[in-house]
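Notes for the structure review
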Amino acid sequence: MTTPTETTEENAEDLPPGTTPYYARMHKWIKRAVLVCLVALVIEGAFTLPFMAVYYGYPTLSLTEICSELLKVRYSDDTLECKVPYPAFGPSEGAEGKDTAQDDWGIQPVPKYHRIGFRELVRIHEEREARQAAEQQSSP
């Protein structure tokens, strides 16, 4: 017949380093909870980009055009474009347009651009192209 102290000594050899028999069950459940959270984060991350792309107008606009339109709206500058592929030693993203942004800068910046709605970038992109076409026709 085995005594409780002999059983815990035998099980202590099977435990991972740094785990005492007293906390073994808690460590097992913490490990499971962390793994579930990591899997959930990976799944969430995998679905975030496709859903955001469709929200902003993916079938009509390419991912590069969506990026460029977001930069133009965010920094109030129609000349900004996303660079693909981005230069390895280029400035940080958005550094070029920071001077043209109409935000209130401070400890907590307050953006002055409106919230972009469902597929609103498509409308903004088409209005910008129409405006540029009208300027080209009227200038010559």
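Residues numbered from 1 in each chain as written. Predicted model: local features only at pLDDT ≥ 70, side-chain atom pairs only at ≥ 80, totals over all residues. Heavy atoms only, no water.

**Concerning the UniProt feature "transmembrane region" (unreviewed entry) in the protein chain**
In this structure's numbering, the residues bearing the UniProt feature "transmembrane region" (unreviewed entry) are residues 33-58. What you have in residues 33-58 is 92% helix and 0% strand, and the ends, taken at the C-alpha atoms, are 35 Å apart. (UniProt positions renumbered as here; feature names shortened; annotations may be inferred. Helix = DSSP H or I, 4+ residues; strand = E, 2+ residues; numbered from the N terminus.)

**Regarding helix H2 (residues 24-56)**
Because each turn of an α-helix spans 3.6 residues, side chains separated by three or four positions in sequence point in the same direction. Given a rise of 1.5 Å per residue, 33 residues ought to cover 48 Å, and the 48 Å separating the end C-alpha atoms of H2 matches this to within 8%. The largest bend in H2 amounts to roughly 25° and is located at Thr48, with the proline Pro50 lying one to four residues further along. At the C-terminal side of H2, Gly57 shows a positive phi close to 120°. (Expected span 1.5 Å × (residues − 1). Bend = angle between axes of the 7 residues up to and from the residue.)

**Focus on the packing of aromatic side chains**
Counting across every chain of the model gives four aromatic pairs. Geometrically, the ring pair formed by Tyr22 and Tyr23 is edge-to-face, given 5.0 Å between the ring centres and 90° between the ring planes. With a relative accessible area of 73%, Tyr22 lands in the exposed category. Ring geometry for Tyr55 versus Phe118: centroids 5.7 Å apart, planes at 65°, classification edge-to-face. Here Phe118 lies in the loop between helix H3 (63-75) and helix H4 (120-138) and Tyr55 lies in helix H2, a separation of 63 residues in the sequence. Taken together, Tyr55, Tyr56 and Phe118 form an aromatic cluster joined through their ring pairs. Directly above the ring of Trp29 sits Arg32, whose terminal nitrogen or CZ lies 4.7 Å from the centroid. (Phe/Tyr/Trp six-rings, centres within 6.5 Å; stacked < 30°, edge-to-face > 60°. Buried < 20%, exposed > 50% of the residue type's maximum accessible area, 1.4 Å probe, protein only. Lys NZ or Arg CZ within 6 Å of the ring centre and 35° of its normal.)

**Focus: the state of the cysteines**
Note: disulfide means a covalent bond formed between the sulfur atoms of two cysteine side chains. Scanning the entire structure with this criterion turns up one disulfide. The partner cysteine of Cys67 in its disulfide is Cys82, sulfur to sulfur 1.7 Å. The S-S bond linking Cys67 to Cys82 shows a torsion near -75°; that makes this disulfide left-handed. Highlighted residues: Cys67 in helix H3 and Cys82 in the loop between H3 and H4, separated in sequence by 15 residues. For Cys82, a relative accessible area of 16% gives the class buried. (Disulfide = S-S within 2.5 Å.)

**A closer look at the side chain of Lys72**
For Lys72, the location among the structural elements is in helix H3. The residues contacting Lys72, other than those within four sequence positions of it, are Asp77, Asp78, Leu80, Glu81 and Arg128. (Contact = heavy atoms within 4.5 Å.)

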